[in-house]
Amino acid sequence: MTSEKRIYLSPPHMGGSEQKYIKKAFDSNWISSVGPNIDAFEKSLGENLGIQHVAVLSSGTAAIHLALIILGVGPGDYVIVQGFTFSATVNPVVYLGATPVMVDSEPDTWNMDPGLLENAILDCMGKGSERRAQSSGHRHPEPCALSPQPRKPKAIIPVHLYGMPANMDKILAIARKYDIPVIEDAAEAIGSKYKNNPVGTFGEIGILSFNGNKTITTSGGGALVSDNAEHVRKARFLATQARDKFPHYQHSHIGYNYRMSNIIAGIGRGQMEVLEERVAARRANFEFYKKNLKGLKGVTLNEEPGREYYSNRWLTTILIDPHKSGTDREKVRLALEDQNIESRPLWKPMHFQPIFSSYPSYVSGVSEALFDMGLCLPSGSDLSSDDKERILDALLRCFK
Ligand SMILES: *Cc1c(COP(=O)(O)O)cnc(C)c1O
């Protein structure tokens, strides 16, 4: 063990003006769920993303939950989700009594595989066997156990995991072909771009997270964004207990308490002022690791697959091939831990999670291999050069 201070995976990093905005909220007594910080935070998010309508909410999970309700998801519906993700992508599907259908990743982006996506859609619609007959040679997963009542999935949720944009051209083309709305889970990807446009703005609805470990944080929070004014109006309505327009409290819908407070929005307002710097620092972390780990046998980093992809590099991740590197993911993690440095395995795919394993899934083995070999390295935007040298030292010793 070491007596040196702990280096965390992705700690909050305040910009400096957050407390000023919080103080303004106190001074004006805008303490609750309306106020100038909320308006300003929503406005700056909208401008940054180039999207018309934004509702800030209590969390990214709440935003996904509301997005699904707005798209009419209910009991018995199918929702196609990226299997390689954090559980918060999938949980809200189950809150609504719908069935998540999990789709594995493609090797380039680590995000939703468009080919498997189309297979999943066709199976849900009861047309899977037609396609299989047509396209011999393409490797198909085992047909999944879908219900005897074929129906079109109600939504598709790709994820921009670790900040890397998903292959949106192909995913959107398939979504359009079958006329299924896309909810983009951009929780990890504020600042990332696909073909020069911010992720979160390609689908019918996008969601963001401002949880403590994300690129910018409000301590906890999220947002639902859309160019459809009606979707965002509905999100606000549902997030504030679904009050009908009466002087008394009257309800004709089930509501939720999902709005962000004006205090919390003050933190977000301050964080927006440093968003670009935060993304630049995280991208610099990636470049540091790439430069210094280059040449290590059996170690690879996930490069941007082409000029269309611009990742915020929320977390830098490395793959450690146990057959080529002389070590493995877990040994490296423990060696870093021994130096008081936090690292973490990649997300364990949802189709391997005990709670989701009985749901249908389209699995190619890509995310399983990533989980087996992958490690998230410390990636905070406040890493000092001393911190980085300490991490590098500990890493390099693992490969001697
Ligand atoms: C963080 C995260 C969420 C959930 O956001 P919260 O604000 O923590 O509720 C959803 N999806 C992914 C991929 C995430 O990383």
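Residues numbered from 1 in each chain as written. Predicted model: local features only at pLDDT ≥ 70, side-chain atom pairs only at ≥ 80, totals over all residues. Heavy atoms only, no water.

**Overview of the sheet that holds strand β8 (residues 205-209)**
Item 1. Across the sheet, which stays open at both edges, the four strands sit in the order β1-β9-β8-β5 with mixed pairing between neighbours. The sheet terminates laterally at β1 (53-57) and β5 (183-185), the two strands that pair on one side only. Mean inter-strand twist for the sheet, computed between neighbouring axes without regard to direction, equals 20°.
Item 2. The pairing of β5 with β8 spans three bridges and is classified as parallel. When the bridges of β8 are listed, isoleucine 183 appears paired with isoleucine 205.
Item 3. Packing against the sheet, helix α2 (residues 36-49) makes contact with β1, β8 and β9 (222-226), and its axis sits at approximately 130° to β1.
Item 4. Each of β1, β5, β8 and β9 touches helix α3 (residues 60-70); the most contacted strand, β8, lies at about 165° to it. (Pairing = 2+ DSSP bridges. Helix = DSSP H or I, 4+ residues; strand = E, 2+ residues; numbered from the N terminus. Axes fitted to C-alpha atoms, helices over the stretch in contact; angles between N-to-C directions. Contact = heavy atoms within 4.5 Å.)

**Re the packing of helix α1 (residues 18-28) against helix α9 (residues 262-272)**
Item 1. It is the contact of α1 with α9, at a shortest axis distance of 7 Å, that shows an interaxial angle of 150°. Taken together, the axes of α1 and α9 lie roughly antiparallel to each other. Crossing angle aside, the handedness with which α1 passes α9 is right-handed. Mapping the contact onto sequence places Glu18, Tyr21, Ile22, Ala25 and Phe26 in α1 and Asn262, Ile263, Gly266, Ile267, Arg269, Gly270 and Gln271 in α9.
Item 2. Counted by class, the contact of α1 with α9 contains six nonpolar, four polar and two charged residues. (Parallel < 35°, antiparallel > 145°, perpendicular 65-115°, else oblique. Left-handed = near helix turned anticlockwise from the far one by under 90°. Nonpolar A, V, L, I, M, F, W, Y, C, P; charged D, E, K, R; others polar.)

**A closer look at the site of the ligand**
Item 1. Close contacts around the ligand come from 15 residues, with Gly60, Thr61, Glu188, Ser209 and Lys214 the closest.
Item 2. One nitrogen or oxygen atom from the main chain of glycine 60 is found 2.7 Å from an oxygen atom belonging to the ligand.
Item 3. Within the side chain of lysine 214, an N or O atom sits 3.2 Å from an oxygen atom of the ligand.
Item 4. Alone, the ligand offers 380 Å² of accessible surface; in the complex the protein occludes 93% of this. (Near = heavy atom within 4 Å. Polar contact = N/O pair within 3.5 Å; in protein donor to acceptor, adjacent residues only side chain to side chain. Areas by Shrake-Rupley, 256 points an atom, 1.4 Å probe, with all protein chains shown as cover.)

**Here we look at the pattern of salt bridges**
Item 1. If you walk through the whole model with that rule in mind, you get 21 salt bridges.
Item 2. With its nearest N and O atoms 2.8 Å apart, the salt bridge here joins arginine 283 to glutamate 304. Residue arginine 283 is located in helix α10 (residues 275-293), and its partner glutamate 304 is located in the loop between β10 (299-301) and β11 (309-310); the two are separated by 21 residues in the primary sequence.
Item 3. Looking at glutamate 304, the relative accessible area reads 25%, which means it is partly exposed.
Item 4. Through salt bridges with shared partners, a single ionic network connects Glu42, Arg236 and Arg259. (Salt bridge = Lys/Arg side-chain N within 4 Å of Asp/Glu carboxyl O. Buried < 20%, exposed > 50% of the residue type's maximum accessible area, 1.4 Å probe, protein only.)

**What about the sheet that holds strand β7 (residues 197-198)?**
Item 1. Taken together, the three strands give an open sheet; going across it, the order is β7-β6-β11, and neighbouring strands pair in antiparallel fashion. In the strand order of this sheet, the two ends are held by β7 and β11, each with one partner.
Item 2. Pairing analysis gives two bridges linking strand β6 (residues 193-194) to β11, with the strands arranged antiparallel. Bridged to tyrosine 194 within β11 is tyrosine 309.

**Structural notes on unusual backbone geometry**
Item 1. Phi is positive for tryptophan 110, close to 70°, though the residue is something other than glycine.
Item 2. Considering the arrangement of structural elements, one finds tryptophan 110 in the loop between β3 (99-103) and α5 (114-124).
Item 3. A relative accessible area of 5% means that tryptophan 110 is categorised as buried.

**With respect to the packing of α3 against helix α8 (residues 229-239)**
The angle between the axes and the distance between the axes are what describe a pair of packed helices.
Item 1. Close contact between α3 and α8 brings their axes to 10 Å; oriented N to C, the two are set at 120°. Classified by chirality, the crossing of α8 by α3 is right-handed. Only His231, Lys234, Ala235, Leu238 and Ala239 of α8 make contact with α3, whose side of the interface consists of Leu66, Ile69 and Ile70.
Item 2. Grouping the constituent residues of the contact of α3 with α8 by class yields six nonpolar, one polar and one charged.

**With respect to the packing of aromatic side chains**
Item 1. Under the definition given, this model contains ten aromatic pairs.
Item 2. Between phenylalanine 288 and tyrosine 289, the aromatic rings sit 5.8 Å apart at their centres with planes inclined by 70°, giving edge-to-face as the arrangement. The pair formed by phenylalanine 288 and tyrosine 289 is uniform in burial state, with each residue classed as buried.
Item 3. Taken together, the aromatic side chains of Phe84, Trp110, Tyr162 and Trp314 make up a single cluster linked through ring pairs.
Item 4. Its end group placed over the ring of tyrosine 310, lysine 193 keeps NZ or CZ at 5.9 Å from the ring centre.
Item 5. Over the face of the ring belonging to phenylalanine 286 we find arginine 313, whose NZ or CZ atom lies 3.4 Å from the ring centre. (Phe/Tyr/Trp six-rings, centres within 6.5 Å; stacked < 30°, edge-to-face > 60°. Lys NZ or Arg CZ within 6 Å of the ring centre and 35° of its normal.)

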